[in-house]
Amino acid sequence: MEFFVDTADINEIKRINNMGILDGVTTNPSLVAKSNKNFKQLIKEICKVVNGPVSAEVTATKFEEMYKEGIKLSKIAKNVVVKVPLTVDGIITCKKLSKKNIGVNVTLCFSSNQAILAAKAGAKYISPFIGRLDDVGKNGVSLIEEIKKIYSNYKNFKTKILAASIRSTKHIEQVAIAGADVATVPPKLLEEMFKHPLTNKGLKMFLEDWKKTKQKIL
Ligand code: E4P
């Protein structure tokens, strides 16, 4: 399973990247707005720090402009993945960019039908938003399970399932069980993944017992 961080905060990205467990980054226009930075410069900086795919989203809604934006974003760095919304224009853009060997992440996916369209258009990633589905009373994790089943029925579907809009550590476990290829996780949740009271308790006991031996490793 690959592990992406879902943020445009460069300091958080650097900190998490130093842990050695990061495979990539996803950003979106809302996260970029929150960062208060110049979008293209920010993507360039993230791409230098992270040795893996960095999703940068187009903001045009019509194919012609979307495509031009995608080409421009793809030129920022080799590891840029162009993010397009799951609309007719987005799918056309995905097909055209993919044909040029530019990686595309199709975002805002809320159904299996949409995931089929993204795979048909040669998307590198499909991003089902599980948290936002849960928010409207649906089951986001079930969508990941469904897409996994559908994609595994067809050898020509090479699109990776990138579980997005993850809201809890439970979600992370569930999408891993469902077989998502990637989970993109907000930094706050990553901290949570480390935590278990028995780890703290166990470590405290080990260190107390070690002290009694009066030995040193170094
Ligand atoms: C994924 O690429 C999106 O940036 C993200 O996961 C959206 O999550 P949200 O629903 O918490 O905004």
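Basis of the calculations
- Residues numbered from 1 in each chain as written.
- Predicted model: local features only at pLDDT ≥ 70, side-chain atom pairs only at ≥ 80, totals over all residues.
- Heavy atoms only, no water.
- Helix = DSSP H or I, 4+ residues; strand = E, 2+ residues; numbered from the N terminus.
- Buried < 20%, exposed > 50% of the residue type's maximum accessible area, 1.4 Å probe, protein only.
- Pairing = 2+ DSSP bridges.
- Axes fitted to C-alpha atoms, helices over the stretch in contact; angles between N-to-C directions.
- Contact = heavy atoms within 4.5 Å.
- Arc of directions from axis to C-beta.
- Polar contact = N/O pair within 3.5 Å; in protein donor to acceptor, adjacent residues only side chain to side chain.
- Expected span 1.5 Å × (residues − 1).
- Core = buried A, V, L, I, M, F, W, Y, C linked by side-chain atoms within 4.5 Å.
- Phe/Tyr/Trp six-rings, centres within 6.5 Å; stacked < 30°, edge-to-face > 60°.
- Near = heavy atom within 4 Å.
- Right-handed = clockwise from strand over helix to strand, strands pointing away.

K.L.:
Which residues make up unusual backbone geometry, and what values do they have?
P.N.:
The phi dihedral of Asn101 is positive, around 65 degrees, even though this residue is not glycine. Inspection of the secondary structure puts Asn101 in the loop between α5 (88-99) and β5 (104-109). Given a relative accessible area of 75%, Asn101 falls into the exposed group. The phi angle at Ser165 is positive, at roughly 55 degrees, despite the residue not being glycine. Relative to the elements of secondary structure, Ser165 occurs in the loop between β7 (160-163) and α9 (169-178).

K.L.:
Could you give me a rundown of the sheet that holds strand β8 (residues 182-185), with the residues and numbers involved?
P.N.:
The parallel closed barrel is built from 8 strands, whose spatial order is β1-β2-β3-β4-β5-β6-β7-β8. Each strand of the sheet is rotated relative to its neighbour by a mean of 30 degrees, with strand direction disregarded. Pairing geometry for strand β6 (residues 125-128) and β7, over 2 bridges, is parallel. Across the sheet, Tyr125 pairs through a bridge with Lys160, a residue of β7. Running over the sheet, helix α8 (residues 140-153) touches β5, β6 and β7 and is turned about 175 degrees from β7.

K.L.:
Which residues make up helix α1 (residues 10-17), and what are the values?
P.N.:
Taken together, the buried positions of α1 are Ile10, Ile13 and Ile16. The buried residues of α1 occupy one face: seen down the axis, they fall within an arc of 130 degrees. Taken together, the buried residues of α1 touch β1 (2-6), β2 (24-26), α3 (39-49) and α10 (187-194). The N-capping residue of α1, defined by a side-chain oxygen 3.0 Å from the backbone nitrogen of Asn11, is Asp9.

K.L.:
Quick one: what's the story with helix α11 (residues 197-213), residue by residue and with numbers?
P.N.:
The terminal C-alpha atoms of α11, which comprises 17 residues, lie 25 Å apart, in line with the 24 Å expected from a rise of 1.5 Å per residue. Of all the 17 residues making up α11, 0 are buried; the element is thus mostly uncovered.

K.L.:
Just give me the short version of the nonpolar core, but keep the residues and values in it.
P.N.:
Among the nonpolar cores identified, the biggest contains 61 residues, and Val80, Val106, Ile126 and Tyr151 are the most heavily contacted of them. For this core, the element with the most residues is α8, which contributes 6 residues. Not counting the four nearest positions on each side in its chain, Tyr151 is found in contact with Ala115, Ile116, Ala119, Ile126, Phe157, Thr159 and Ile161.

K.L.:
So what about the packing of aromatic side chains? Which residues, and what values?
P.N.:
What the rule picks out here adds up to 5 aromatic pairs. Feature note: the residues Tyr151, Tyr154 and Phe157 constitute an aromatic cluster, connected by ring pairs.

K.L.:
Tell me what's going on with the site of the ligand, and back it up with residues and numbers.
P.N.:
Surrounding the ligand, one finds Asp6, Thr26, Asn28, Lys83, Phe129, Arg132, Ala164, Ser165 and Arg167. Between the ligand and Arg132, the relevant distance is 2.7 Å, taken from an oxygen atom to a side-chain nitrogen or oxygen of the residue. Contact between the ligand and Ser165: an oxygen atom at 2.7 Å from a side-chain N or O atom of the residue.

K.L.:
Can you lay out the pairing of strand β4 (residues 80-85) for me, pointing to particular residues and giving the numbers?
P.N.:
Along β4, 6 of the 6 residues are buried, which leaves the element largely enclosed by surrounding structure. Residue alternation in β4 divides its side chains into two sets, Val80, Val82 and Val84 and Val81, Lys83 and Pro85, and both sets are buried. In the sheet, strand β3 (residues 54-57) pairs with β4 via 4 bridges, with the strands oriented parallel. From the neighbouring strand, Ser55 faces β4, where its bridge partner is Val81. At this point the chain moves from β3, through helix α4 (residues 63-74), to the parallel β4, and the crossover so formed is right-handed.

K.L.:
Can you break down the pairing of β6 residue by residue, with the values?
P.N.:
Judged by which residues are buried, β6 turns out to be covered on both faces: Tyr125 and Ser127 on one side and Ile126 and Pro128 on the other are all buried. Running through helix α6 (residues 112-120), the crossover from β5 to the neighbouring parallel element β6 is right-handed.

On their own, these measurements won't tell you what the molecule is for.
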